[in-house]
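The lines below spell out each chain.
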Amino acid sequence: MQKPACAIRLILLCALILYPTLSYSSALDQYIEGAKKEGTVRVGITIRAKVQGKVAGQKYLDAFEKRYPFVKVKFKRIGGARERNRIISEMSGGVVNFDVATVSDTMIPTIVDAKLVRAVDWKALGVPAALRHPKNYGVTLRTPVFGIAYNRNLISDDLAKTFTWETCTDPKWKGKTATDDRPRHLNQLYYAWGKEKTLDYAKRWAANKPAMEPSRSTGAQKLAAGAYSMICGMPRRQVKDLQVYGGSKSIGIVYPEPIPVGIGDLIYVTEKSKSPNAATLFIQWTTTPEAQKLLDEVDFSGHPSLPGSEVNEIVKGKKVAYETWEEAAHSDDVLAEILKAMGFPVVR
C-alpha cells in the first residue's frame, strides 16, 4: 500500500528539481518559434571573426547557427567607443542596422535615455544572475580578468608566481613597469580594498614611474618585445591573444589576489530590431555554459563564474573582486579619482 505513495513523492520530487529547467525552456520556446519566422539576426559585438589569419570568433558564431540552424547570423564587429557612439547616433536617428548591439558599461545610461534598448526578462530565460543586468537591459559579454603580465625573458615564471599587487610598487621595478592609461583593475580593487587603501596604493605605484600606454594591445606587444618587465593590470585576453594567435612565448601572466574581474560589455536587443526573437535567442545562448566555454577558447573572455572553462580554473579557490553593475555605473568617477591620486590627467 505504501508503493503508490512513494511513487507519487518521487514524481513530485523530480518535478521540483526539473521545474526551473522546464520553466525557462517553455519561456524560450516562444522566441524559438518567432526566430524561425525571422530567419536572420544582425549581430554587432566586439569579437573578431579572425585574428592574424586564424579563425577565432567565427567558431563562436558558427556554434550558434549549429545550435539554431534556422537562424542565419549576419555579423559585423563593433569596435571601440568611437564606433559604438556612431551606432548610437545612427539608431537615435532611426537607422537601425543591428538586432544585437553592444556598449561599454558606462554607456548604458545613454542607450536607456535614448530608448534604444528593449528590456527582456532574462531571468525567465535561465540567464545566470551574474550575467544579466538587474533592470533587464541586456547581459554581460567578454568579461575582463586582470593580472600582472610579464616578459618571460626578463622575469622567470617562478619569480612571477610570487607576485602580489604590491610588487608593482616595489622600488626594485621602478621605471620597468607599465599600465594602460585607464587602469580599470583599480576600479575593482577600490571596492575590494576600500578608498583609502586604493588611493594610497595608486600614489605609491605612481612613484614607481610606470609608463602609461594608450592601447592595451600595443602595450602587450611592447612587453613581449622587452620594452617593459611587467604590465600591472593587464587583461588576460591581451596576453592570450599574443600567446595563441601570435605564437609568442616571451609573455606570461599571473593573477594576484584579489583577482579583479570587470563587468565587460553589455549586449542588448535593440528597441527597433527587425528580428527581436532571434536577437533574444542569440543573447540567451551567449550565457549558456557551451557558449561561455567557447568564448573563452576563441576570445579568452568567458565569465569566470561559469564552470568548464580555463578562466574558471584560474579563479577557482581564489579571492575574486567581481565588479557589480552598480559599481560599473560609477566606474568613470572612481577612475578619475584614482588617476588624480596618481598625478595623471583623466584621459579619453
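Below is a short write-up of the structure. Sequence positions are assigned chain by chain, starting from 1 and proceeding in written order. Reporting in this predicted model follows two pLDDT cut-offs: at least 70 for local features of residues, and 80 or more for side-chain atom pairs to be given and counted; totals over whole chains, interfaces and linings ignore these cut-offs and use all residues. Excluded from the side-chain calculation are hydrogens and water; included are all heavy atoms of the structure.

## Remarks on the nonpolar core
Now for step 1: By nonpolar core we mean a set of buried residues, namely Ala, Val, Leu, Ile, Met, Phe, Trp, Tyr and Cys, connected to one another through side-chain atoms within 4.5 Å. Remark: exposure states derive from per-residue accessible area (1.4 Å probe, protein chains only) relative to the maximum for the residue type, with buried under 20%, exposed over 50%, and partly exposed in between. By size, the foremost hydrophobic cluster in this structure holds 41 residues, and its most contacted members are Val41, Ile45, Tyr60, Val100 and Phe282.
Now for step 2: Here a strand is any run of E in DSSP of at least two residues, a helix any run of H or I of at least four, and the numbering for each starts at the N terminus. Listing elements by their share of this core, those giving two or more residues are helix H1 (2–38), strand E1 (40–43), helix H2 (57–67), strand E7 (139–141), strand E14 (265–270), helix H10 (276–286) and helix H11 (289–298).
Now for step 3: With 6 residues, the single largest contributor to this core is H10.
Now for step 4: Contact criterion: two residues are considered in contact whenever any of their non-hydrogen atoms come within 4.5 Å of each other. Non-local contacts of phenylalanine 282, meaning those with residues more than four positions away in its chain, are made with Val43, Ile45, Tyr60, Leu61, Phe64 and Val100.

## Section: the side chain of threonine 46
Now for step 1: Within the secondary structure, threonine 46 sits in the loop between E1 and strand E2 (50–51).
Now for step 2: Threonine 46 sits in the buried class, given a relative accessible area of 5%.
Now for step 3: Among the polar contacts listed, one links the side chain of threonine 46 to the side chain of arginine 84, at a separation of 2.8 Å.
Now for step 4: Setting aside residues up to four positions removed in sequence, threonine 46 forms contacts with Arg77, Ile78, Gly79, Arg84, Thr102, Arg142 and Asp265. Polar contact is defined as a pair of N or O atoms within 3.5 Å, subject to the rule that within protein one atom must be able to donate a hydrogen and the other to accept it, and that residues adjacent in sequence are counted only when both atoms are side-chain atoms.

## Observations concerning the state of the cysteines
Now for step 1: Whenever a pair of cysteine sulfur atoms sits within 2.5 Å, that pair is classed as a disulfide. By the definition in use, this model includes 1 disulfide.
Now for step 2: The side chain of cysteine 168 participates in a disulfide bridge whose partner is cysteine 232; the two sulfur atoms lie 2.1 Å from each other. One disulfide, between cysteine 168 and cysteine 232, carries an S-S torsion of -110° and so falls in the left-handed class. Residue cysteine 168 is located in the loop between helix H5 (157–160) and strand E9 (177–180), and its partner cysteine 232 is located in strand E11 (residues 230–235); the two are separated by 64 residues in the primary sequence.
Now for step 3: Note on cysteine 168: relative accessible area 0%, which makes it buried.

## Topic: the packing of aromatic side chains
Between two aromatic rings, the relevant description is the distance of the centres plus the angle of the planes.
Now for step 1: Centres within 6.5 Å make a pair out of two Phe, Tyr or Trp rings, where for Trp the six-membered ring is used; the pair is then stacked when the planes are under 30 degrees apart, edge-to-face when over 60, and tilted otherwise. A full pass over the atoms with the stated rule returns 11 aromatic pairs.
Now for step 2: When the centroid spacing of 5.0 Å and the interplanar angle of 50° are considered together, the rings of tyrosine 60 and tryptophan 285 count as tilted. Of this pair, tyrosine 60 sits in helix H2 while tryptophan 285 sits in helix H10; the two residues are 225 residues apart in sequence, bridging distant segments of the chain.
Now for step 3: Overall, the relative accessible area of 1% leaves tryptophan 285 in the buried class.
Now for step 4: On the numbers, 5.0 Å between centres and 75° between planes, the contact of phenylalanine 64 with phenylalanine 282 is edge-to-face.

## Details of the pairing of E14
Now for step 1: The buried count for E14 comes to 6 of 6 residues, which makes it a mostly enclosed element.
Now for step 2: Strand pairing is defined by DSSP finding a minimum of two bridges between the two strands. Of the strand pairs in this sheet, strand E5 (residues 100–104) and E14 are connected by 5 bridges, and their pairing is antiparallel. Opposite valine 103, over in E14, you have leucine 266 as the bridge partner.
Now for step 3: Here strand E6 (residues 117–118) pairs with E14 via 2 bridges, running antiparallel. Within E14, the residue paired with arginine 118 across the bridge is valine 269.
Now for step 4: Bridge count for E7 against E14 is 3 bridges, and the pairing is antiparallel. The residue bridging valine 139 from the neighbouring strand is isoleucine 267, located in E14.

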